[in-house]
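Residue-level structure breakdown
Residue-level listing of the chains:
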Amino acid sequence: RRPSNRMAYSFWKSSHFEQWTMEKADLLRGRAEDLKTYSEEEYQKIIIFFCNMMQSIAQDTSASNNATKIRMQVVATSSLYFKRFYIRRSFKDVDPFLMAPTCLMLAAKVEEFGALSTNKMSNAVNTYVKKMGLLVDLSPLRVGSLLEAEFILIEILDCCLICFQPYRPLKQLFQDLRELPSQYKDLETLEASAVKIINDSIRTDLSIIYPPHVIAIGAFQLAVIMHNREKDFLNWFADLQVEMDKILDVVQTMTNLYKVWKTAEDKETMKALFDRMPKPNPNPPTQQQQQQQQQQCL
């Protein structure tokens, strides 16, 4: 069947692949400082919380503007920025309640949606925090702080702002399926489920570990499983020129996500985690100092 890189051709020459695709061990090393405070599962709950927050901010901002809906691609890119930033920085360096809306603002520009209002960003964060019943100091959410945080974010990301998401390879996958013999029925339902799974996957590290087409195929396989259609696509999966162990890992990661997600929306659970979060350092280390610290951990 088609070569595995057909759905992700330009990805292989991108900074996303060359600089920001890494093994799980590299992730853990980058998060070492925060993993002194949290377990891996607790850390994931915090990531889920802020990804949920960015998606909620995007929805609230669109609704309050009565304007064009912010695309999920923007939210996915902002979530990836957020995770990348905290691979190279600790929560104590920059307040994540400041960095999350900053990531969304930058992603909206990069994904050519347009500039988002800093005032509306601040209001949306306040609304979400109140809804979650958290007592968090949001005083850093000033217009100047958001703009300053954006410069810090761009620096830490090494100006690597173009992100490749699984949406396009998933669309290509279903286009290919529709060109095949008619035994593949009701593809619309499977495609809608797979898109939802990809929307949910932004709360995991999959986009840092795997290429977009692998995530897309994994989302498709999980959708097939959810709809009890494994027999229909058995031969299709058998003919794929991809490493199936990676596809299965995507499916397992998503299955685990849904288990952890349940408690990540519990107000008392999240309050306890944020109570333990170190207070941001008013003088965060420079990138050079951070790299030196990481080298010492190797």
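Residues numbered from 1 in each chain as written. Predicted model: local features only at pLDDT ≥ 70, side-chain atom pairs only at ≥ 80, totals over all residues. Heavy atoms only, no water.

1. Concerning the nonpolar core
- If you look at the biggest cluster of nonpolar residues, it comprises 96 residues, and the most contacted ones within it are Phe49, Phe220 and Phe233.
- With 11 residues, helix α3 (residues 40-65) is the single largest residue contributor to this core.
- When near neighbours in sequence (up to four residues on either side) are disregarded, Phe220 contacts Leu170, Leu173, Phe174, Leu177, Leu190, Ala194, Phe233, Trp236 and Phe237. (Core = buried A, V, L, I, M, F, W, Y, C linked by side-chain atoms within 4.5 Å. Buried < 20%, exposed > 50% of the residue type's maximum accessible area, 1.4 Å probe, protein only. Helix = DSSP H or I, 4+ residues; strand = E, 2+ residues; numbered from the N terminus. Contact = heavy atoms within 4.5 Å.)

2. Here's the deal with the environment of Pro211
- Note that Pro211 resides in the loop between α10 (206-209) and α11 (212-226).
- Along the backbone, Pro211 and Thr21 are 190 residues apart, and their C-alpha atoms lie at a distance of 8.0 Å.
- Not counting the four nearest positions on each side in its chain, Pro211 is found in contact with Phe11 and Trp12.

3. Describing the packing of helix α4 (residues 72-88) against helix α5 (residues 96-110)
- Two numbers describe how α4 lies on α5: the axes approach to 8 Å, and their chain directions differ by 130 degrees. Taken together, the axis directions place α4 and α5 in an arrangement best described as oblique. In terms of crossing hand, the pair formed by α4 and α5 is right-handed. Here Val74, Val75, Thr77, Ser78, Tyr81, Phe82, Phe85 and Tyr86 of α4 lie close against α5, whose contacting residues are Pro96, Met99, Ala100, Cys103, Leu104, Leu106, Ala107, Ala108 and Val110.
- Residue composition of the contact of α4 with α5, by class: 15 nonpolar, 2 polar and no charged. (Axes fitted to C-alpha atoms, helices over the stretch in contact; angles between N-to-C directions. Parallel < 35°, antiparallel > 145°, perpendicular 65-115°, else oblique. Left-handed = near helix turned anticlockwise from the far one by under 90°. Nonpolar A, V, L, I, M, F, W, Y, C, P; charged D, E, K, R; others polar.)

4. Describing helix α13 (residues 244-264)
- Counted at 1.5 Å a residue, the expected span for α13 with its 21 residues is 30 Å, and the 30 Å between its end C-alpha atoms agrees.
- Looking only at α13, the buried set comprises Ile247, Val250, Val251, Met254, Leu257, Val260, Trp261 and Ala264. (Expected span 1.5 Å × (residues − 1).)

5. Focus on the pattern of salt bridges
- Summed over the entire model, instances satisfying the criterion amount to 15 salt bridges.
- Among the ionic pairs, Glu41 bridges to Lys45, the shortest N-O distance being 3.8 Å. A residue pair is termed a helical-turn pair when its members lie 3 or 4 positions apart in one helix, as Glu41 and Lys45 do in helix α3 at 4 residues.
- The class of Glu41 is partly exposed, set by a relative accessible area of 44%.
- Between Asp232 and Arg229 there is a salt bridge whose closest N-O contact spans 2.5 Å.
- Here the salt bridges do not stand alone but share partners, grouping Glu33, Lys36 and Lys92 into one network. (Salt bridge = Lys/Arg side-chain N within 4 Å of Asp/Glu carboxyl O.)

6. Quick look at helix α14 (residues 267-275)
- Within the sequence span of α14, burial applies to Met270, Leu273 and Phe274. For α14, the angular spread of buried residues about the axis comes to 95 degrees, placing them on one side. Residues of α14 that are exposed and point more than 90 degrees away from the buried face comprise Glu268 and Asp275.
- Between the side-chain oxygen of the N-cap and the backbone nitrogen of Glu268 there are 3.4 Å, and the N-cap of α14 in question is Asp266. (Arc of directions from axis to C-beta. Polar contact = N/O pair within 3.5 Å; in protein donor to acceptor, adjacent residues only side chain to side chain.)

7. Some remarks on the confidence of the model for the chain
- Residues at a pLDDT of 70 or more form 86% of the chain, whose mean pLDDT is 85.
- Ranking the helices and strands of the chain by mean pLDDT puts α10 first, with 96, and helix α15 (residues 287-297) last, with 48. (pLDDT = per-residue confidence, 0-100.)

8. As for unusual backbone geometry
- One non-glycine residue, Asp158, lies in the positive phi region at around 55 degrees.
- Tracing the sequence through the fold places Asp158 in the loop between α7 (143-156) and α8 (167-178).
- Non-glycine residue Asp186 carries a positive phi angle of around 50 degrees.
- Tracing the sequence through the fold places Asp186 in the loop between α8 and α9 (187-201).
- Accessibility expressed as a relative area gives 42% for Asp186, which makes it partly exposed.

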